[in-house]
Amino acid sequence: MEDTLSALRSLMVSHSPPLDALVVPSEDYHLSEYVSARDKRREFVSGFTGSAGLALITKKEALLWTDGRYFLQAEKELSAGWKLMRIGEDPAVDIWMADNLPKEASVGVDPWCISIDTAQRWERAFAEKQQKLVPTSKNLVDEVWINRPPAEINAVIVHPVKFAGRSVADKLKDLRKKLVHEQSRGIIFTALDEVAWLYNIRGSDVAYCPVVHAFAIVTSNSAFIYVDKQKVSVEVQTHLVENGIEIREYTAVSSDATLLATDELDAVSTAKAALAETEATKIPSEIDKSVNGEHQAEENSNDLIWADPVSCCYALYAKLNPDTVLLQQSPLALAKALKNSVELDGLKKAHIRDGAAVVQYLVWLDKKMQDIYGASGYFLEKDSVKKEKHLQSLKLTEVTVSDQLEGFRASKEHFKGLSFPTISSVGSNAAIIHYFPKAETCAELDPDKIYLFDSGAQYLDGTTDITRTVHFGKPSTHEKACYTAVLKGHIALGNARFPNGTNGHSLDILARIPLWKDGLDYRHGTGHGIGSYLNVHEGPHLISFRPQARNVPLQSSMTVTDEPGYYEDGEFGIRLENVLIVKEADTTFNFGDRGYLSFEHITWAPYQTKLIDLNLLSPEEINWLNSYHATCRNILAPYLDEVENAWLKKATEPVGA
């Protein structure tokens with residue numbers, strides 16, 4: 001890593017102008033959370049493998065910013081010579097650069113890997129000392145990354161309407177109405193899940209995320225996709241062309257953004273004629289230029305180009321006239337988050353199959369822990385009976401057991417892969433919030449320690465995400481108290497009723513109050529949206545203490561996770577996670593005529609009653625737990641065999657008086 005830093009510093013010195021600092025973000029050209037192997041530049045330079053973080057290299061220092069999910073992980077993984085900067089505790093990167101870099105310093109960054117919003121925020125921070133942000137013409141990390149993984153050619157696939165629930169034609173029609181409403185004649189999409197959702201396509205260009213490396217531009221009259229044409233089969237080409245979408249090479253987005261700025265892009269579209277003839281994508285008459293002179297004038301007044309300042313890269317923004325850019329959240333962010341009835345039905349079915357896989361896994365793991373380690377098991381609270389060491393091949397590790405969980409999921413209908421790397425963590429590793437076990441360094445399972453697994457899958461009809469925490473031996477009183485506090489917060493949030501217009505920032509506290517009572521807390525948000533066979537983390541809404549959770553109120557038909565936790569460094573970690581659907585609530589009253597909302601759980605797997613201190617639960621909480629467990633039993637029974645059903649019946653027996 002020191003050689004890498006030296007090589008980068010040499011390039012910084014020879015750059016024109018010479019760079020005082022180089023920013024290496026985590027993101028790719030689409031500002032993705034998860035990126036392909038060849039785009040893991042920040043990981044390459046720093047050694048830190050977490051999904052969120054930003055590296056800054058100066059002439060003498062190397063610093064890495066990341067959030068509370070990754071503090072412990074970053075401490076372990078960062079290469080020598082790197083300093084960890086804790087987001088929320090240390091100065092933000094723009095403040096640090098403004099304060100610590102010299103006057104008139106030049107800060108280099110690849111403009112394809114930074115958002116418009118971030119670039120503009122940094123430029124404001126730099127203004128006082130006349131520091132400047134310098135977009136590099138090449139990514140300097142790529143220049144020194146000798147063994148950078150090659151680009152993969154992965155096929156694009158059509159996502160059928162029977163799973164998507166809405167046609168491309170409908171989505172384009174709605175989008176063009178929004179363009180007119182915002183007086184825009186075109187919009188650029190760079191977020192991979194938005195391109196996939198709009199055009200009803202999927203792919204495998206990013207591990208765990210069924211997306212395609214592609215950009216899109218949509219105007220009042222045309223639609224374009226920018227993608228490596230080698231990935232496009234005849235079937236996909238037909239699907240796109242029939243919907244009036246012109247296929248252009250991935251790299252052409254740069255020159256086409258320039259044409260969009262000068263209103264010349266439609267002129268180059270070879271799809272215009274087909275578009276006019278295709279009923280599916282006909283522009284609605286109320287916005288058709290040709291209807292009458294009045295609408296002609298209205299259309300001509302729409303001169304803005306829409307770009308999402310958070311998801312659109314600075315490189316494309318630089319091609320536009322800043323005076324005519326509408327910097328506003330993408331209209332697809334909310335449209336994608338509001339699931340249609342087909343998507344909701346698919347998500348529910350996917351979570352049932354997924355829950356069956358989790359129960360099968362727990363049954364298997366319970367038996368193995370008893371057979372191999374003499375554990376008392378999932379149900380009994382006794383010290384484990386140490387058995388003679390069996391053959392080395394029999395031992396269970398964090399990786400071998402997570403592979404088994406993947407196997408149970410893979411046997412289910414519509415399974416396409418995992419939705420993120422499984423967090424399979426024992427004891428102190430469970431205290432690392434986004435721990436990712438590796439075969440060569442992972443821990444062996446231990447019957448006397450907590451085991452946490454956070455996992456999910458991609459199914460054609462939905463994406464899943466679930467966390468359960470279990471103990472196969474005798475949990476301590478403290479571990480039980482902590483688990484119960486997390487469960488109480490989990491129940492409180494899931495049972496919330498709240499008026500329309502309420503955001504996730506307001507609800508976040510519900511999950512924390514039981515922990516706060518004992519002086520406990522956790523360093524991550526409490527909930528994120530989840531895709532429909534798309535990204536496992538989906539906005540624009542979230543349930544979190546972070547300020548951005550104030551931006552978008554929760555709405556009926558959104559999905560969101562409910563996942564409070566508690567992590568004791570060096571000891572254990574606890575997290576419980578279900579996926580919820582936001583739905584209209586049936587309340588006795590309707591104050592202010594606002595309408596009220598509530599949540600519906602769609603994740604089905606038991607909570608380990610052995611880890612619960614029932615004395616800390618209220619009668620209402622006990623009733624909820626028993627009701628949830630009864631539903632688990634009924635919903636999952638058809639998917640389990642006789643032995644598995646017997647285990648589940650025992651795991652979901654009513655508790656309390």
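Residues numbered from 1 in each chain as written. Predicted model: local features only at pLDDT ≥ 70, side-chain atom pairs only at ≥ 80, totals over all residues. Heavy atoms only, no water.

- In the nomenclature of an unreviewed UniProt entry, the protein corresponds to Xaa-Pro aminopeptidase from the organism Glycine soja.
- Within the UniProt record for the protein, the comment given under Cofactor (unreviewed entry) is "Mn(2+)". (UniProt positions renumbered as here; feature names shortened; annotations may be inferred.)

## Observations regarding the overall build of the protein
Link 1 in the chain: Scanning the protein from terminus to terminus reveals 22 helices and 28 strands.
Link 2 in the chain: Reported as C-alpha extents along the three principal axes, the dimensions of the protein are approximately 80 × 60 × 50 Å.
Link 3 in the chain: Taking all 657 residues of the protein together, 59% fall into the buried category.
Link 4 in the chain: Just so you have it, the protein exposes about 26,900 Å², and 51% of that area is on carbon and sulfur atoms.
Link 5 in the chain: Considering the protein, the positive charge centre built from 68 side chains and the negative charge centre built from 90 side chains are found 3 Å apart. (Helix = DSSP H or I, 4+ residues; strand = E, 2+ residues; numbered from the N terminus. Buried < 20%, exposed > 50% of the residue type's maximum accessible area, 1.4 Å probe, protein only. Areas by Shrake-Rupley, 256 points an atom, 1.4 Å probe, with all protein chains shown as cover. Lys, Arg positive; Asp, Glu negative; His and termini not counted. Charge placed at Lys NZ, Arg CZ, Asp CG, Glu CD.)

## As for the packing of helix H21 (residues 619–636) against helix H22 (residues 642–651)
Link 1 in the chain: Where H21 meets H22, the closest approach of the two axes is 9 Å, and the angle between their N-to-C directions is 170°. Between H21 and H22, the angle falls in the class roughly antiparallel. Where H21 approaches H22, its residues His-629, Cys-632, Arg-633 and Leu-636 are matched on the opposing element by Leu-648, Lys-649 and Ala-651. (Axes fitted to C-alpha atoms, helices over the stretch in contact; angles between N-to-C directions. Parallel < 35°, antiparallel > 145°, perpendicular 65-115°, else oblique. Contact = heavy atoms within 4.5 Å.)

## Comments concerning the pairing of strand S17 (residues 450–455)
Link 1 in the chain: For S17, the tally of buried residues reaches six of six residues, placing the bulk of the element in the interior.
Link 2 in the chain: What you see with S17 is no split at all: Ile-450, Leu-452 and Asp-454 on one side and Tyr-451, Phe-453 and Ser-455 on the other are buried throughout.
Link 3 in the chain: Both strand S16 (residues 423–426) and S17 contribute to a ladder of four bridges, which runs antiparallel. Paired with Ile-423 across the two strands is Asp-454, which belongs to S17.
Link 4 in the chain: Bridging between S17 and strand S20 (residues 466–471) involves six bridges; their strand directions are antiparallel. Across the sheet, residue Tyr-451 finds its bridge partner in S20, namely Val-470. (Pairing = 2+ DSSP bridges.)

## Details of the domain arrangement of the protein
Link 1 in the chain: The domains assigned to the protein are domain 1 (1–144), domain 2 (157–266 + 302–337) and domain 3 (341–383 + 392–651).
Link 2 in the chain: A straight line from the C-alpha centre of domain 1 to that of domain 3 covers 34 Å.
Link 3 in the chain: Taken together, the contact pairs 13 residues of domain 1 with 14 residues of domain 3.
Link 4 in the chain: Interface of domain 1 and domain 3: buried area, both sides summed, is about 1,100 Å²; carbon and sulfur atoms make up 56% of it.
Link 5 in the chain: Looking at the side of domain 1 facing domain 3, the largest losses of area belong to Tyr-34, Arg-69 and Leu-72, adding up to 48% of the total buried there.
Link 6 in the chain: Seen at the junction of domain 1 and domain 3, the total is one salt bridge.
Link 7 in the chain: Measuring nitrogen to oxygen at the nearest pair gives 4.0 Å for the salt bridge that ties Glu-89 to Arg-523.
Link 8 in the chain: One can count two residue pairs in polar contact (both at pLDDT 80 or more) joining domain 1 with domain 3.
Link 9 in the chain: When grouped by side-chain class, the residues that make up the side of domain 1 that touches domain 3 number four nonpolar, three polar and six charged. (Domains from an automatic or database assignment. Buried area = accessible area lost by both parts, 1.4 Å probe. Salt bridge = Lys/Arg side-chain N within 4 Å of Asp/Glu carboxyl O. Polar contact = N/O pair within 3.5 Å; in protein donor to acceptor, adjacent residues only side chain to side chain. Nonpolar A, V, L, I, M, F, W, Y, C, P; charged D, E, K, R; others polar.)

## A short note on the pattern of salt bridges
Link 1 in the chain: Applying the stated rule across the entire model yields 31 salt bridges.
Link 2 in the chain: Across the salt bridge formed by Asp-521 and Arg-512, the nearest N and O atoms sit 2.8 Å from each other.
Link 3 in the chain: Through salt bridges with shared partners, a single network forms among Asp-39, Arg-41, Asp-142 and Arg-148.

## As for the sheet that holds strand S18 (residues 457–459)
Within a beta sheet, neighbouring strands are joined by backbone hydrogen bonds and run either parallel or antiparallel to one another.
Link 1 in the chain: The strand order across the open sheet built from three strands is S15-S18-S19, with neighbouring strands paired in antiparallel fashion. Looking at the sheet topology across the chains shown, the edges are occupied by strand S15 (415–418) and strand S19 (462–463).
Link 2 in the chain: Pairing geometry for S15 and S18, over three bridges, is antiparallel. The partner of Phe-415 across the bridge, within S18, is Tyr-459.
Link 3 in the chain: This element, helix H18 (residues 398–410), spans S15 and S18 of the sheet and lies at about 160° to S15.

## Details of the packing of aromatic side chains
Link 1 in the chain: Per the stated rule, a full pass over the model turns up 21 aromatic pairs.
Link 2 in the chain: With centroids separated by 6.1 Å and ring planes inclined at 75°, the aromatic side chains of Trp-65 and Trp-96 adopt a geometry described as edge-to-face. Pair noted here: Trp-65 is in strand S3 (residues 62–66) and Trp-96 is in helix H4 (residues 93–100), with a separation of 31 residues, a long-range link.
Link 3 in the chain: Among the residues examined, Trp-65 registers a relative accessible area of 3% and is labelled buried.
Link 4 in the chain: Judged by relative accessible area, Trp-96 falls into the buried class, the value being 8%.
Link 5 in the chain: With a centroid separation of 5.9 Å and 35° between ring planes, the pair formed by Tyr-314 and Tyr-317 is classed as tilted. Of the two residues, Tyr-314 and Tyr-317 are both situated in helix H15 (residues 314–317); the distance of three residues between them amounts to about one turn of the helix.
Link 6 in the chain: An aromatic cluster of at least three residues, connected via ring pairs, comprises Tyr-29, Trp-112, Phe-215 and Tyr-250.
Link 7 in the chain: Positioned over the ring face of Trp-197 is Lys-171, at 4.1 Å from the centre of the ring.
Link 8 in the chain: Between Arg-468 and the ring centre of Tyr-607, over which it is positioned, the NZ or CZ distance is 4.3 Å. (Phe/Tyr/Trp six-rings, centres within 6.5 Å; stacked < 30°, edge-to-face > 60°. Lys NZ or Arg CZ within 6 Å of the ring centre and 35° of its normal.)

## Remarks on the side chain of Ser-424
Link 1 in the chain: Relative to the assigned elements, Ser-424 resides in strand S16.
Link 2 in the chain: Separated by 2.8 Å, the side chain of Ser-424 and the backbone oxygen of Glu-398 make a polar contact.
Link 3 in the chain: Contact partners of Ser-424, with chain neighbours within four places excluded, come to Glu-398, Val-401, Ser-402, Tyr-435, Pro-437, Tyr-451 and Leu-452.

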